[in-house]
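Listed here are the chains, written in short residue letters.
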Amino acid sequence: MASNMTREHFAAIRELFHRAFELPERERTALLQRECVGRDDLRTAVEELLRAEQTASEHLNPDGGLIVRCLMTESANNRGDTALPEFIGPYRVRNLLGRGGMGEVYLAEQTNPRRDVALKVLHRGATRRSLFDRFSREIRALGRLEHPGIARIYEAGQVEHSDSRIPYFAMEFVSGQNLTEFARSQSLDLPSRLELVAKIADAVQHAHTKGVIHRDLKPSNILMATADVSKVGDAKGSRCETRTGFSGPQPKILDFGVARVLEPEVTESAATEAGLLIGTVAYMSPEQLNGDSAGVDARADVYAIGVILYELLTGRLPHEVRSKPLSEAALIVCEHDPAPLYRRGQTPLGPFDRDIQTIVARALTRDREQRYSTAAALCDDLRRYLRSEPVLARRPTVTYQLSKFARRNKGLVTGAAVALLALVAGLIASTVLYAREQEAHQRADAKERLSSAVQTYLVDGLLMAAAPERMGHEVKMLDVLTLAADGLEDRFADQPDVEATIRAELAEVLSKVGKFEESEAQFALAIPLMERVFGIDDPRTIRALLSRSSNAHQLKKLPASAQTANEALTRTRRSLPTGSDLEIAALQQLGATNIAQGRFKPAKAALHEALDLAQLAPDEHQAAIIAIQALIAVADGHRAAGDSESIGEIAEAAAVTLGPDNPTTINTRSNLLIRLNAAGKAAEAVAIAAELPASAERTFAPGHPMRGHVYRNSAESYRIAGQFEQAERLALMANDIFSQLQPEQLPEQEVCMAQMRAIYSQWPGHQDQLQSWSVNSIGARLKMALPGRWFTVRNTLQKVISDLATGGIQMTDCDLLASVWDSRDTFAPPGNKRRAMFFANFARAAAAAGDLSHHQEALAMAQAALSDAEKPNVVSRMIENAASQR
Amino acid sequence: MSQPADQDVTQLLERIRSGDDAATSELLGIAYHELRALAGHVWRDQPGDHTLQPTALVNEACMRLLKTNPNGWNDRKHFFRVAARAMRNLLTDHARAKGAQRRGGHDIRVSIDNTQVASLDQGVDLVILNDTLTKLSDLDSRLGQIFELRFLVGLSVTQTAEIIEVSPRTIELDTQFIRAWLQKEMSA
């Protein structure tokens, strides 16, 4: 019928086929009856097509397979004759085993020693350089490998054949079934299958350590050397024995034809790597499918082993991609996780327990960073499972959890993220440190315990607890860190070493993010614990002492800081070799603290000693040297305030060597600003001030005093340059930081206030702001004044009075005076010799503010206290003066 | 194979867009040679059962020929149409060679006794397939095009729908129809 069919008729058939096809089968007949009245030919045609559709050959699939087969036959036919050669080199050829793109594989016989070999021969038509290269690459790859799980190479050579030389190599002949056939025909149980995969992973690991990545692992490339074949072999089997009692046949990996051989001296030719897909889609990792053939590493093989494992357990591929076009396959593999094993539980081997599920999932993770990083790790986990030990893959890694955490908390305050990252990084570092320590003492069990305890703590205790469902979406930095500290004791009651490690780390982080008080509290708990568990002179303990000293410095608890630094120094000298990192750090801290106390001579002595020690190994201590030099410059500079040259040089060196965002660089540049500001070098200063705040923001947590210093010094540069808008912005930011800090920072805050006043007094048209900042300043000082420190109060009151007297401000904030009045007995207790003077001053201030009742009362109190006064005459005149103010 | 200048291909696509049929056949020639060269390169270098999908091949050809603007989807759409036709020509050539072989030469079959190499050319008689396809294209050129894009290049339903500019559902139904029709004609 087809030969003389018209287009119209064909279109009618197609149209009706579409309509029928969309219906359930039982309704199709009715439709055809209805539509084909008097048109039996149409009806027959459509019915035939509907039947044909159901029986259509699987080769008629829309997957591009047709053209592939064309290309394959074409290229096979181009290879010329296929008659078996009798001999190839010294080998008698018995049979053709197979043929691939590169050449043929023959079963051949070697006479001495007498054995069967598989002979791989580059095909005769091959003239291309790249093919030769590839062939010799496979030979080199195999030559490197020697493992019971990899078919061994015996010999490589060349044969003459009509003017050309054809390379070949002889390798171990493996006669068994392939992996999946074997597992099926032997009805292997679960442990046996897992052991097989472990053996494969072990062999692949061997290849990886030799710099060979297979890139095309799949069951058909893995043949089973059955027991009777390994008669040549040996006691190998016993090595593979496990407690499950399985010591079965050995899988052998074949075909390293597309392997990547990592050779430093050889770069792969562009032709073989020009973005072409290498491998077999079903077993290819997402990164391979993404076309990143250059970036493919050992973890692609881990993925392939994962696919093999999945297939051996469930009888199916993780993703059904065999009949799909590549583009779809790539999309599926790259965008979707495989169906979890529990959903494929209807297999003879299932249901699978959670450990197996996690091992499989970890091997098949799309993001290779989260995959087992080596085949050995996968192998170990499988064997651990077989020995009923806990598997390491049981939990996703910390980084994975962290990224999940970050994703859960999109609106997360950056501070919290910074703090968490710092904490995690620190914990990981100290775990590693601790692990090394333990290894030295051959206490592997302790190492394992610590790292798993820390991991559990991070993942369960911290990241899980900070989940939004428990804490809401806005997780604040302090919440996270408080959470981190909570319950440490209970959690690690029997593991003081873990508790100490975590606490010290936590203290470190708290200090880094500017939570100095909280940090001190943690150090106070951590250090005694460390001294008990690790020892007084243990480097970890000393390091914690130094951090505590630096934290105390930030808290302006300078004597305590100096004392702790001294203690750390003594301990390093007692227990560590001269010139250790810790000794240098202790001297440096001592120098810094002494500078802050204004004790420049001992500061310089410590710093010069530190410098000498650091310069014994200048390469190792590059950062320390610059930091120390910067401190020395500060210590020197206090006398020659105008000299900004030396500190400028150091700042330059720090920026170049350590980078502009390094804390030492920032600190030094900030100090340089002070010098430049004092010298009035506005242009130079503004150039630095334009960049420094951004650096500080990248390096220091929000609220950190170092940010405050940088803002303030930069603001000062702008003020001197007459750029008041910039100055105002930065000065306000500095004020924000210092006004939130502890009372110990009062002096800093006063400097800020002074700066604000200076800016507004020079800035035309900002009289109102000047006045309000003057009042602010007084209020802040009164509020911050500590009981008993009544000099502050007196000074403040005098300031109020003088401001009022000069008419600079209108005192409207009577609450201030009221609050001072309420604490009058604290500021100037009864019997104190300055009590009379205090009330006299207060009376003046009250009068100026128009607060007459307080004015009267204060005058009376002053009179009553006059008898205790040191200089009654002077105070008496002050009282008279105040009385006349009304 | 001479590598056409990037400019040529871009210009050809310009001309195809403005309805110049001669440009289509010129580009077809270029695409055909490029695909053949690439395919030969791939199949000589890769062992036989490694999957290199024709989609990748066409993509690769497209990337190479359209270096100047490899991401312009319009260009790519045109290119895919042409490349699909080139694939079809590859198939035809192949079937012709096969036919000649059947008439005069001898069919070479290799016995393979394990799974290391996939067997070749199974299941479908390419000569008959090619004849059937020619007839299909005559009867309905759109179905011919869909065949090329789906069965030869291996594009997905969605991609094909975008290139042919009909709904994905239509492409799905047409694909089923083509399968049925081929099956019926070829087993006749």
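All values derive from a computational prediction rather than experimental measurement. (Residues numbered from 1 in each chain as written. Chains lettered and ligands numbered in written order. Predicted model: local features only at pLDDT ≥ 70, side-chain atom pairs only at ≥ 80, totals over all residues. Heavy atoms only, no water.)

Thoughts on the overall build of chain B
On a plain count of helices and strands, chain B comes out with eight helices and zero strands. Traced from its N-terminal end to its C-terminal end, chain B shows the element sequence α-α-α-α-α-α-α-α. The burial tally for chain B puts 53% of its 188 residues in the buried class. Put simply, of all contacts in chain B between residues at least 6 apart along the chain, 68% involve residues at least 24 apart. (Helix = DSSP H or I, 4+ residues; strand = E, 2+ residues; numbered from the N terminus. Buried < 20%, exposed > 50% of the residue type's maximum accessible area, 1.4 Å probe, protein only. Contact = heavy atoms within 4.5 Å.)

Concerning the overall build of chain A
On a plain count of helices and strands, chain A comes out with 40 helices and ten strands. By the burial criterion, 53% of the 886 residues in chain A qualify as buried. For chain A, restricting intrachain contacts to residue pairs at least 6 apart in sequence, the fraction spanning at least 24 positions comes to 63%. Accessible surface, chain A as shown: approximately 39,900 Å² in total, 49% of it carbon and sulfur. (Areas by Shrake-Rupley, 256 points an atom, 1.4 Å probe, with all protein chains shown as cover.)

Quick word on the nonpolar core
Residues A:L194, A:I253, A:F256 and A:L313 are the most contacted members of the largest nonpolar core, which totals 77 residues. Core analysis: the second largest hydrophobic core is formed by 58 residues, B:L28, B:F147, B:L152 and B:W181 among them. (Core = buried A, V, L, I, M, F, W, Y, C linked by side-chain atoms within 4.5 Å.)

Overview of the packing of aromatic side chains
Within this structure, the stated rule accounts for nine aromatic pairs over all chains. A centroid spacing of 5.6 Å and a plane angle of 85° characterise the contact between A:F10 and B:W181, whose relative ring orientation is edge-to-face. One end of the pair, A:F10, is in helix α1 (residues 7-21); the other, B:W181, is in helix α8 (residues 168-187), on a second chain. For the pair A:F10 and B:W181, a shared accessibility class is recorded, and that class is buried. Centre to centre, the rings of B:F147 and B:F151 are 4.9 Å apart; their planes meet at 15°, and the pair counts as stacked. Remark: B:F151 and B:F147 occur in helix α6 (residues 141-153); sequence separation between them is four residues, near one turn of the helix. (Phe/Tyr/Trp six-rings, centres within 6.5 Å; stacked < 30°, edge-to-face > 60°.)

Considerations on the packing of helix α39 (residues 852-865) of chain A against helix α40 (residues 872-883) of chain A
Residue and element names in this part refer to chain A. Where α39 meets α40, the axes come as close as 10 Å, and the angle between the chain directions of the two elements is 165°. It follows that α39 is roughly antiparallel to α40 by the angle criterion. As for the relative orientation of α39 and α40, their crossing is left-handed in sense. Taking contact as the criterion, the partners of H855, L859, A862 and Q863 in α39 are, on α40, I879, A882 and A883. Counted by class, the contact of α39 with α40 contains five nonpolar, two polar and no charged residues. (Axes fitted to C-alpha atoms, helices over the stretch in contact; angles between N-to-C directions. Parallel < 35°, antiparallel > 145°, perpendicular 65-115°, else oblique. Left-handed = near helix turned anticlockwise from the far one by under 90°. Nonpolar A, V, L, I, M, F, W, Y, C, P; charged D, E, K, R; others polar.)

Let's talk about unusual backbone geometry
A positive phi angle, near 45°, is found at A:S187, a position not held by glycine. Among the residues examined, A:S187 registers a relative accessible area of 59% and is labelled exposed. The phi dihedral of B:E165 falls on the positive side, at around 65°, and the residue is not glycine. When you line up the elements, B:E165 lands in the loop between α7 (157-164) and α8.

So, the pattern of salt bridges
Throughout the structure, instances matching the rule amount to 31 salt bridges over all chains. A:R573 is the salt-bridge partner of A:E609, the closest N and O atoms lying 2.6 Å from each other. A residue pair is termed long-range when its members are at least 10 positions apart, and A:E609 in helix α25 (residues 600-614) and A:R573 in helix α23 (residues 558-575) qualify at 36 residues. A salt bridge links B:D174 to B:R142, with the nearest nitrogen and oxygen atoms 2.8 Å apart. Separated by 32 residues along the polypeptide, B:D174 in helix α8 and B:R142 in helix α6 bring together distant segments of the chain. Here the salt bridges do not stand alone but share partners, grouping A:R94, A:E109, A:R114 and A:D116 into one network. (Salt bridge = Lys/Arg side-chain N within 4 Å of Asp/Glu carboxyl O.)

Some remarks on α6(B)
Residue and element names in this part refer to chain B. Here α6 contains 13 residues, and its C-alpha end-to-end distance of 17 Å stays within 8% of the 18 Å for a straight helix at 1.5 Å per residue. Among the 13 residues that make up α6, ten are buried, leaving the element largely enclosed by the rest of the structure. Immediately downstream of α6, the backbone of G154 shows phi near 85°, a positive value. (Expected span 1.5 Å × (residues − 1).)

A closer look at α39(A)
Structural remark: α-helix, 3.6 residues per turn; residues separated by three or four positions point the same way. All names here are of chain A. An ideal rise of 1.5 Å per residue puts 20 Å on 14 residues; α39 measures up with 20 Å between its terminal C-alpha atoms. Turning to α39, its buried residues are H854, H855, A858, L859, A862 and A865. Along the axis of α39, the buried positions cluster into a sector of 135°, meaning they face one direction only. (Arc of directions from axis to C-beta.)

Concerning the environment of A:P663
All names here are of chain A. Among the structural elements, P663 can be located in helix α28 (residues 663-679). Judged by its relative accessible area of 40%, P663 is partly exposed. Taking the C-alpha atoms as reference, P663 lies 8.1 Å from F700; in sequence the two are 37 residues apart. Those residues in contact with P663, other than ones at most four positions away along the chain, are T699 and F700.

Quick notes on the packing of α1(A) against helix α2 (residues 25-35) of chain A
All names here are of chain A. Running from amino to carboxyl end, α1 crosses α2 at an angle of 150°, the nearest separation of the two axes being 9 Å. For α1 against α2, the interelement crossing comes out right-handed. In this structure, α1 uses L16, R19, A20 and F21 to contact α2, whose residues at the interface are R28, L31, L32 and E35. Residue composition of the contact of α1 with α2, grouped by class: five nonpolar, no polar and three charged.

Quick word on the pairing of strand β9 (residues 250-253) of chain A
In the case of a regular strand, side chains alternate between the two sheet surfaces. All names here are of chain A. Of the two faces of β9, the one holding Q250 and K252 and the one holding P251 and I253 are both buried throughout. Across four bridges, strand β8 (residues 222-225) lies against β9 in antiparallel orientation. Pairing of L223 across the sheet is with K252, part of β9. (Pairing = 2+ DSSP bridges.)

Focus: the environment of A:A651
Residue and element names in this part refer to chain A. Along the chain, A651 falls in helix α27 (residues 645-658). For A651, a relative accessible area of 3% translates into the label buried. Considered as a pair, A651 and A630 are 21 residues apart in the sequence and their alpha carbons are 7.5 Å apart. If we skip the residues at most four places from it in the chain, A651 touches T665, T668, R669 and L672.

Details of the pairing of strand β4 (residues 115-122) of chain A
Residue and element names in this part refer to chain A. Counting buried residues along β4, six of its eight residues qualify, which places the element largely inside the surrounding structure. Where strand β3 (residues 103-110) meets β4, eight bridges bridge the pair, whose relative direction is antiparallel. Across the sheet, L107 pairs through a bridge with A118, a residue of β4. Count of turn residues in the β3/β4 antiparallel hairpin: four residues.

A word on the environment of A:L262
Residue and element names in this part refer to chain A. Mapping L262 onto the fold places it in the loop between β10 (260-261) and α9 (286-289). When its relative accessible area of 46% is taken as the criterion, L262 is described as partly exposed. Setting aside chain neighbours within four positions, we find L262 in contact with R144, G211 and I213.

Looking at the side chain of A:Q755
Residues and elements named next belong to chain A. Structurally, Q755 can be placed in helix α33 (residues 746-762). In this structure the side chain of Q755 is engaged in a polar contact, spanning 2.9 Å, whose partner is the backbone oxygen of R712. A polar side-chain atom of Q755 sits 2.8 Å from a polar atom in the side chain of E716. Not counting residues within four places of it along the chain, the set of residues in contact with Q755 comprises R712, A715, E716 and A731. (Polar contact = N/O pair within 3.5 Å; in protein donor to acceptor, adjacent residues only side chain to side chain.)

What about the confidence of the model for chain A?
Residues and elements named next belong to chain A. With 67% of its residues at a pLDDT of at least 70, chain A reaches an overall mean of 75. The secondary-structure element of chain A with the lowest mean pLDDT is helix α8 (residues 236-239), recorded at 36, while α23 shows the highest, at 93. For residues 228-246, every residue scores under 50 in pLDDT, and the model assigns this stretch 16 contacts once sequence neighbours within four places are set aside. Confidence drops under pLDDT 50 across residues 464-477; counting only partners more than four residues distant or on other chains, this segment forms 34 contacts. (pLDDT = per-residue confidence, 0-100.)

Topic: the confidence of the model for chain B
Where the model shows low pLDDT, its predicted coordinates should not be examined in detail. Residue and element names in this part refer to chain B. In the predicted model, chain B carries a mean pLDDT of 67, and the fraction of residues at 70 or more is 54%. Every residue in residues 1-7 is under pLDDT 50, and counting partners more than four places away or in other chains gives 13 contacts. This model gives residues 102-123 a pLDDT under 50, and the stretch forms 37 contacts once residues within four places in sequence are excluded.

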